[in-house]
Amino acid sequence: PRRLSDWVIAPMHFNGFAGLPTTKGECVKSPEFSCFGHRWRLLIYPGGDNDSNNGRVAQRLLNETEKCIYVEFKFIIKHPNGSGLDFCRGDDGEISKFTPKSSEAVGVAGPCHGFDNFALRSTLLDYLVDGAMIVEVHMR
């Protein structure tokens with residue numbers, strides 16, 4: 001089997017994270033970024049998405065392009081002083097099928113993939129850097 005490429009890392013900053021709305025299902029979008037010829041956004045739900053457990057933040061990666069792509073991805077939030085553990089989700093080697101932006105999700109394929117229960121919001125508040133939550137989106 002051929003070796004997967006190295007990770008491409010896109011850091012996304014959510015300034016004033018503690019003050020973002022915590023209403024369930026309310027989304028905050030990152031600026032658009034490019035990777036592998038596609039446009040992407042990171043979506044965070046500071047109060048969780050509709051299927052999230054109470055107190056949990058949801059995060060999703062959204063394909064903003066009208067083409068399908070298969071991508072392995074993970075989200076990492078570095079410990080702010082470097083002495084604690086980094087927070088990581090998606091480090092399971094799974095490759096996700098991101099369908100075109102305008103498509104509906106069918107089974108496990110869809111334009112958006114992520115985690116309903118990414119982390120406890122109270123935990124993430126300890127990872128802020130000057131009030132910002134910095135999420136590294138790793139893709140390959």
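Residues numbered from 1 in each chain as written. Predicted model: local features only at pLDDT ≥ 70, side-chain atom pairs only at ≥ 80, totals over all residues. Heavy atoms only, no water.

With that settled, the discussion passes to the environment of C35. Counting through the fold element by element, C35 comes out in strand β3 (residues 33-35). Put simply, C35 and A18 are 17 residues apart on the chain and 29 Å apart in space, counted from C-alpha to C-alpha. (Helix = DSSP H or I, 4+ residues; strand = E, 2+ residues; numbered from the N terminus.)

Here we come to the pattern of salt bridges. By the definition in use, this model includes nine salt bridges. Of the charged contacts, one joins E32 and R41 as a salt bridge, the two residues approaching to 3.9 Å between their closest N and O atoms. Since its relative accessible area comes to 21%, R41 is described here as partly exposed. For R41, the salt bridge is made with E64, and the minimal N-O distance between the two is 2.9 Å. Here the residue R41 occupies a position in strand β4 (residues 38-45), and E64 occupies one in the loop between β5 (56-63) and β6 (69-77), the gap between them amounting to 23 residues. (Salt bridge = Lys/Arg side-chain N within 4 Å of Asp/Glu carboxyl O. Buried < 20%, exposed > 50% of the residue type's maximum accessible area, 1.4 Å probe, protein only.)

Attention now moves to unusual backbone geometry. Here the phi dihedral of F36 falls at roughly 55°; this positive angle occurs in a residue that is not glycine. Examined against the element boundaries, F36 turns out to sit in the loop between β3 and β4. A positive phi angle, near 50°, is found at D130, a position not held by glycine. Note on placement: D130 falls in the loop between α1 (121-124) and β10 (133-139). A relative accessible area of 82% places D130 in the exposed class.

Residues of strand β8 (residues 95-98) alternate between two faces, with S96 and F98 buried on one and I95 and K97 left unburied on the opposite face. With four bridges joining them, β6 and β8 adopt antiparallel strand pairing. Bridged to V71 within β8 is S96. (Pairing = 2+ DSSP bridges.)

A separate point is the environment of E26. Looking at the secondary structure, you find E26 in the loop between β1 (8-14) and β2 (28-29). Assessed through its relative accessible area of 35%, E26 is described here as partly exposed. Among all residues touching E26, those that are not within four sequence positions of it are P21, I44, Y45, P46 and G48. (Contact = heavy atoms within 4.5 Å.)

As far as function goes, none of this settles anything; it's purely spatial.
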